[in-house]
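# A look at the structure
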There are 2 protein chains.
Amino acid sequence: MNQSVSKATLGRLPMYLSYLKSIPTKEVTNISAASIAEALNLHPVQVRKDLALISEGGKPKTGYVAENLLRDLEKFLGYNNVNCAVIVGVGHLGQALMSYEGFSQYGLKIVATFDVKDTLIDKEIHGKKVFSIDKIPYLCPRLCANIGIITVPAEAAQSVCDKLVEAGIRAIWNFAPVILNVPEGILVQNENMAASLAVLSNHLSETMNKS
Amino acid sequence: MNQSVSKATLGRLPMYLSYLKSIPTKEVTNISAASIAEALNLHPVQVRKDLALISEGGKPKTGYVAENLLRDLEKFLGYNNVNCAVIVGVGHLGQALMSYEGFSQYGLKIVATFDVKDTLIDKEIHGKKVFSIDKIPYLCPRLCANIGIITVPAEAAQSVCDKLVEAGIRAIWNFAPVILNVPEGILVQNENMAASLAVLSNHLSETMNKS
DNA sequence: TACAAATCGATATTTTTATATCGATAAAAA
DNA sequence: TTTTTATCGATATAAAAATATCGATTTGTA
């Protein structure tokens, strides 16, 4: 178990977790891949394959022990451990993320924010102080930050990324619409809102033409 | 051109657009797939294949005409047309999205927000009034909303989705960690923050163990 | 105890996506 | 005019992901 779980799978694991949390484990002690698949609109085989990667495995006829599965998922996803993150780019999106308090439930803690704009630096926004980008090398190691959230414009993203990596950041959550270049061992997770909107917008214009 | 562009491609198109916008079209009139690929850390062949789907095509030796490419991308992505959207679920995430003013650049306009909580209904948050979820069937058609943004907890997502679809919504941007069931012709775009965090968190715990 | 039903896990197949190869062509240089 | 070079587009291959198939195993029941 636990060796090179694909990103696609990794994306479904939180769904399983959230689903298991939503059912009363007291009543439902056992649960089958088929019923999970049914509830989440997935393919049963896919569910089995995903779960096989992170859990002890189920038994024929009875399925999985819900409680164990829940424990395995939580352990694997590591929502219990706290990870410290910094946000670089205090624009609209950055501020939106700063104000979002739901991160804590996934074990994410925003410990500092950075920007280049003089009008922002040293101000406090959503209870978090904004530092100059020049302070990244100093502050990131000191605050033990290991996740960098990039919300700067596309053209600035790569240079910010380089700074973060140099400051010891090991995982990057990138909201800028570029593919970042990073050394081996650093993970980049792209959260491309523009891409999502493109998909939506494209669908609308396509169906518009049809009707 | 323009027939069944894959989601993966659709995700890269905004990158091309953002890149083209970032270079001075006055100076650079022609641009090659190779140089775009270089700038965005993509594969040249991939860029050519993507662009072939939405553009007139380039010429050997010279590449693509930057201006035309930009026009084709904008036209295809439809950022010029305004699409009206509603947000359902005025929790932390919903409020964060409500306060995000960057959507307008993609032609997205939030025209209403909904929630079930009495303490929120009829209040004004970030300049937008919150309505009762019961008003979805009435307000969505009236406001010509065709995109629904779902930011409710996982267990409520499907029922909200059904309501939206019934109210004429044709595309759904889903932030809840569930796969939604929709009739033929309705698009669901999943924006799973939990999934992204899972990827980050998993990477950190994996590299942690190694070192 | 024997049999039927449910469900898993392993292997195989299909589909989708990404990458490689190569001939064709347009522009520039000889 | 011929040759060289950059670049595209088409076709082919490889890799990744999703889905199907099927034998094996456990539990409950006759």
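Residues numbered from 1 in each chain as written. Chains lettered and ligands numbered in written order. Predicted model: local features only at pLDDT ≥ 70, side-chain atom pairs only at ≥ 80, totals over all residues. Heavy atoms only, no water.

## Describing the packing of helix H2 (residues 33-40) of chain A against helix H3 (residues 44-54) of chain A
All names here are of chain A. Relative to each other, H2 and H3 sit at 115°, their axes nearing to 8 Å. When the axis of H2 is compared with that of H3, the two are roughly perpendicular. Like other packed secondary-structure pairs, H2 and H3 cross with a definite hand, here right-handed. Listed contacts from H3 to Ala33, Ala34, Ile36 and Ala37 of H2 are Pro44, Val47, Arg48 and Leu51. (Axes fitted to C-alpha atoms, helices over the stretch in contact; angles between N-to-C directions. Helix = DSSP H or I, 4+ residues; strand = E, 2+ residues; numbered from the N terminus. Parallel < 35°, antiparallel > 145°, perpendicular 65-115°, else oblique. Left-handed = near helix turned anticlockwise from the far one by under 90°. Contact = heavy atoms within 4.5 Å.)

## Section: the domain arrangement of chain A
Put simply, an interface is often sized by how much accessible area is lost when its parts join up. Taken domain by domain, chain A holds domain 1 (7-77) and domain 2 (83-195). For domain 1 of chain A and domain 2 of chain A, the distance between their C-alpha centroids amounts to 33 Å. (Domains from an automatic or database assignment.)

## A word on the protein's contact with DNA strand D
Near DNA strand D there are 21 residues, and of these A:His43, A:Pro60, B:Ala33, B:Arg48 and B:Lys61 occur at the shortest range. A share of 73% is what sugar and phosphate atoms reach among the atoms of DNA strand D within 4 Å of the protein. Taking A:His43, its side chain carries an N or O atom lying 2.5 Å from a phosphate oxygen of DNA strand D. Here a sugar or linking oxygen of DNA strand D and a backbone polar atom of B:Lys61 are 3.2 Å apart. (Near = heavy atom within 4 Å. Polar contact = N/O pair within 3.5 Å; in protein donor to acceptor, adjacent residues only side chain to side chain.)

## Details of helix H7 (residues 154-166) of chain B
Within H7(B), burial applies to B:Ala154, B:Ala157, B:Val160, B:Cys161, B:Leu164 and B:Val165. Next to the buried residues of H7(B) lie helix H1 (7-22) of chain A together with strand E3 (83-88), helix H6 (136-142), strand E7 (147-150) and strand E8 (171-174) of chain B. (Buried < 20%, exposed > 50% of the residue type's maximum accessible area, 1.4 Å probe, protein only.)

## Quick notes on the protein's contact with DNA strand C
Taken together, 21 residues are adjacent to DNA strand C, and A:Ala33, A:Arg48, A:Lys61, B:His43 and B:Pro60 come closest. The sugar-phosphate backbone supplies 73% of the atoms of DNA strand C found within 4 Å of the protein. A:Gly58 has a polar backbone atom sitting 3.0 Å from a phosphate oxygen of DNA strand C. Note that a phosphate oxygen of DNA strand C is positioned 3.0 Å from one of the side-chain N or O atoms of A:Tyr64. Those elements that provide at least two residues to the surface near DNA strand C are helix H1 (7-22) and helix H3 (44-54) of chain B. At 3 residues, H3(B) tops the list of elements feeding residues into the surface near DNA strand C. Considering only residue class, the surface near DNA strand C consists of 6 nonpolar, 8 polar and 7 charged. (Nonpolar A, V, L, I, M, F, W, Y, C, P; charged D, E, K, R; others polar.)

## Considerations on the pairing of strand E3 (residues 83-88) of chain A
Residue and element names in this part refer to chain A. Among the 6 residues of E3, 6 are classified as buried, and the element is accordingly described as predominantly covered. Burial of the side chains of E3 extends over both faces: Asn83, Ala85 and Ile87 are buried on one face and Cys84, Val86 and Val88 on the other. Relative to strand E4 (residues 108-115), E3 is paired through 6 bridges, and the arrangement is parallel. The residue of E4 that forms the bridge with Val88 is Phe114. (Pairing = 2+ DSSP bridges.)

## Let's talk about the relation of the copies chain A and chain B
Mapping chain A onto chain B leaves a residual RMSD of 0.1 Å; the transformation is a rotation of 180° accompanied by 0.0 Å of translation along its axis. Taken together, the rotation and translation describe the operation of a two-fold axis. Taking C-alpha positions as reference, the residue of chain A nearest the rotation axis is A:Ala96, located at 2.3 Å. Mapped onto chain B, 98% of the interface residues of chain A again fall at the interface, so both copies present the same surface. (Least-squares fit on C-alpha atoms with pLDDT ≥ 70 in both.)

## Let's talk about the environment of B:Lys163
Residues and elements named next belong to chain B. Within the secondary structure layout, Lys163 lies in helix H7. Among the residues examined, Lys163 registers a relative accessible area of 33% and is labelled partly exposed. Spatially, the C-alpha atom of Lys163 lies 7.1 Å from that of Ile136, the residues being 27 residues apart in sequence. Excluding anything up to four places from it in sequence, Lys163 contacts Ile133 and Ile136.

## Let's talk about the packing of aromatic side chains
Inspection of every chain in the model, using the stated rule, returns 10 aromatic pairs over all chains. Both rings, one in A:Phe103 and one in A:Trp173, keep their centres 5.8 Å apart while their planes meet at 65°; by these two values the pair is edge-to-face. Note that A:Phe103 is positioned in the loop between helix H5 (92-99) and E4 and A:Trp173 in strand E8 (residues 171-174), a separation of 70 residues in sequence. With respect to burial, A:Phe103 and A:Trp173 carry one shared label: buried. The interplanar angle of 80° and the centroid separation of 4.7 Å between the aromatic rings of B:Tyr100 and B:Phe103 together place this pair among those described as edge-to-face. The residues B:Tyr100 and B:Phe103 share a single accessibility class, namely buried. By the ring-pair criterion, three or more aromatic residues cluster together here, those being A:Tyr100, A:Phe103, A:Trp173 and A:Phe175. (Phe/Tyr/Trp six-rings, centres within 6.5 Å; stacked < 30°, edge-to-face > 60°.)

## Here's the deal with the sheet that holds strand E5 (residues 124-125) of chain B
All names here are of chain B. In spatial order, the strands read E5-E6-E4-E3-E7-E8-E9; together these 7 strands make up an open sheet with mixed pairing. With one partner strand each, in any of the chains shown, E5 and strand E9 (187-190) form the two edges of the open sheet. Bridge count between E5 and strand E6 (residues 128-132): 2 bridges; the pairing is antiparallel. Paired with Glu124 across the two strands is Lys129, which belongs to E6.

## Let's talk about the interface of chain A and chain B
Contact with chain A, which involves 63 residues of that partner, is made by 62 residues of chain B. For the pair chain A and chain B, the number of links is 0 salt bridges. Here chain A and chain B share 16 residue pairs in polar contact (both at pLDDT 80 or more) between them. Among the secondary structure elements, those contributing two or more residues to the side of chain A that touches chain B are H1, helix H4 (66-77), H5, helix H7 (154-166), E8, strand E9 (187-190) and helix H8 (193-210) of chain A. Looking at which element gives the most residues to the side of chain A that touches chain B, the answer is H8(A), with 15 residues. Taken together, the residues of the side of chain A that touches chain B break down into 35 nonpolar, 22 polar and 6 charged. (Salt bridge = Lys/Arg side-chain N within 4 Å of Asp/Glu carboxyl O.)

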